[in-house]
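Take a look at the letters that make up each chain.
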Amino acid sequence: MKKKILAVLLVLTYSCAFSQVVFIIDSVPQSTKSEDTIFLASELNGWMPNDKSMAFDKVDGKYILTLNANPDTFEYKVSKGSWKMVEVDEKGNDIRNRIYFPKKDTVFLRVKGWRDDFKRNPKKSTSSKNVRFLPTNIEMRKLKRKRTVRVYLPPNYHKRQAFPVIYMHDGQNVFDDATSFAGEWGVDEIMDSLYHARGFSAIVVAIYNDNKERLNEYSPWRNDSLGYGGDGDKYADFIVNDLKPYMDRNFRTNPLPQYNAIIGSSMGGLISLYIGLEYPKVFGRVGVFSPSLWFSPEVFSYVSKKKRRNNQRFYLLAGEKEEEHMVDNLKLLEGYMYSNGYDSPDYLKIKIAPDGRHSEWFWKREFVEAIEYLFGI
């Protein structure tokens, strides 16, 4: 026992000497099983709740995770591998994101509860009355699974006209706090306000993610170290050849590319970038919020080969308080796109917000500006 404790102390000493950061969970709920694996989900890894590279090691009843570099300020939470098993307080209530501050070599944590330990009363829906589920789950033919989709119809949908359409990923977070896993964007209320204040109206299509397949579906490239990714091309095919035709058949949509947008954040930003570049004749408006460009270096090689086609518009967004490479990667992306013909404000806009974090509140705040640029309102 003394040898094991000494080993832990040696790890801490070694870590501090080389500016590493050690997270130590010294208390977990009694319900925690010996076979449970605990993970750190944060801005650093796109809020993946089961990132194997962010798994804690168990030593003498404590859980230890060492980061190899002393990072900047970032937000995080602890989970058992799923947002359904994320940490909560002792009464089962959600807690605010934890915040790591620089120059702290060792962080001690106490987990008071896990979400799956408590019977949760369903949250009250916050979606507007003009938000509805599609009557059937849409078949993803190439992925051989189905997907839940919710649709927002603008206040003037009763009028006989064709409407622009905005397709969004991580649909649980788009309209409704009752379904969100990280907070809602409030897109339904935002779109209502845009209509009443500016006269702009559009249909919004919120595509739910599959928690188990999200990382696979949101990247066409595989990250071998994480063991995820690679189905993004099939997910894109689902949107272009399954979902969009369904929407165009059953709703009063304008099918022209300049009236169709694809928008997402984090991994959703990565797949939005890919879909926009891969299908310029389908999506003429693309919102790329805090994209997880770190997921695969192949993204830059891919972008470097994609010349501008048609009069597409891309809106790129990041915050200075996100993980340390976010802004640099986004500027690198901007450079590749600029060289390939996106060399005018008519085609490309980039915004770096000094206070922006990898969080729903940030993307919600910037949503109106993105829509104003993408649709020229």
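Predicted model, so just to flag it, every value in this text is computed and none were measured. (Residues numbered from 1 in each chain as written. Predicted model: local features only at pLDDT ≥ 70, side-chain atom pairs only at ≥ 80, totals over all residues. Heavy atoms only, no water.)

## Describing the overall build of the chain
Helix and strand counts for the chain stand at eight helices and 21 strands. The C-alpha atoms of the chain give 22 Å as radius of gyration, which agrees with the globular expectation for 377 residues (21 Å, within 12%). Viewed in the frame of its principal axes, the chain has a C-alpha envelope of about 75 × 50 × 40 Å. Within the chain, residue pairs in contact and separated by at least 24 positions form 74% of the contacts whose partners lie at least 6 positions apart. Taking the average location of the 56 positive side-chain charges in the chain and that of its 48 negative ones, the two points are 4 Å from each other. (Helix = DSSP H or I, 4+ residues; strand = E, 2+ residues; numbered from the N terminus. Rg over C-alpha atoms; globule rule 2.2 N^0.38 Å. Contact = heavy atoms within 4.5 Å. Lys, Arg positive; Asp, Glu negative; His and termini not counted. Charge placed at Lys NZ, Arg CZ, Asp CG, Glu CD.)

## Notes on the pairing of strand E20 (residues 313-319)
Within E20, seven of the seven residues are buried, which leaves the element mostly enclosed by the surrounding structure. Along E20, one buried face is formed by Arg313, Tyr315, Leu317 and Gly319 and the opposite face, lined by Phe314, Leu316 and Ala318, is buried too. Strand direction decides the pairing type here: strand E19 (residues 285-289) and E20, joined by five bridges, are parallel. The residue bridging phenylalanine 289 from the neighbouring strand is leucine 317, located in E20. A crossover connection joins E19 to the parallel E20 through helix H6 (residues 298-304); in handedness this β-α-β unit is right-handed. With six bridges joining them, E20 and strand E21 (residues 348-353) adopt parallel strand pairing. (Buried < 20%, exposed > 50% of the residue type's maximum accessible area, 1.4 Å probe, protein only. Pairing = 2+ DSSP bridges. Right-handed = clockwise from strand over helix to strand, strands pointing away.)

## Quick word on the sheet that holds strand E8 (residues 106-110)
The four strands lie next to each other as E3-E4-E1-E8, forming an open sheet whose pairing is mixed. Pairing within the sheet leaves two strands with one partner each, and these edge strands are strand E3 (57-59) and E8. Between one strand and the next, the sheet's axes are offset by a mean angle of 30°, whatever the strand orientation. Two strands pair when backbone bridges link them, and strand E1 (residues 21-27) and E8 are joined in this way by five bridges, in the parallel orientation. Paired with isoleucine 24 across the strands is phenylalanine 108, a residue of E8. (Axes fitted to C-alpha atoms, helices over the stretch in contact; angles between N-to-C directions.)

## What about the packing of aromatic side chains?
Per the stated rule, a full pass over the model turns up 22 aromatic pairs. Summarising the aromatic geometry, the rings of tryptophan 294 and phenylalanine 295 are spaced 5.6 Å apart at their centres and angled 65° between planes, so their arrangement reads as edge-to-face. Its relative accessible area of 2% is what places phenylalanine 295 among the buried residues. An aromatic cluster is present here, built from Trp185, Phe289, Tyr315, Trp363, Phe367 and Tyr373 joined pairwise through their rings. (Phe/Tyr/Trp six-rings, centres within 6.5 Å; stacked < 30°, edge-to-face > 60°.)

## What to know about the packing of helix H4 (residues 232-250) against helix H5 (residues 267-278)
Relative to each other, H4 and H5 sit at 65°, their axes nearing to 10 Å. Considering the angle they form, H4 stands roughly perpendicular to H5. In the packing of H4 onto H5, the handedness of the crossing is right-handed. Contacts between H4 and H5 pair Gly232, Asp233, Tyr235, Ala236 and Ile239 from the former with Ile271, Tyr274 and Ile275 from the latter. Tallied by class, residues from the contact of H4 with H5 come to six nonpolar, one polar and one charged. (Parallel < 35°, antiparallel > 145°, perpendicular 65-115°, else oblique. Left-handed = near helix turned anticlockwise from the far one by under 90°. Nonpolar A, V, L, I, M, F, W, Y, C, P; charged D, E, K, R; others polar.)

## Regarding the environment of glutamate 298
Take glutamate 298: it is sitting in helix H6. When its relative accessible area of 43% is taken as the criterion, glutamate 298 is described as partly exposed. Separated by 87 residues in sequence, glutamate 298 and asparagine 211 place their C-alpha atoms 24 Å apart.

## Describing the pairing of strand E15 (residues 203-207)
Burial runs high along E15: five of the five residues are buried. Of the two faces of E15, the one carrying Ile203, Val205 and Ile207 and the one carrying Val204 and Ala206 are both buried. In this sheet, E15 lies alongside strand E13 (residues 149-152) in antiparallel orientation, the contact comprising four bridges. Bridging across to E15, valine 149 finds its partner in isoleucine 207. With four bridges connecting them, strand E14 (residues 165-168) and E15 associate as parallel partners. Looking at the pairing, valine 165 lines up with isoleucine 203 of E15.

Shape descriptors only; they carry no functional weight alone.
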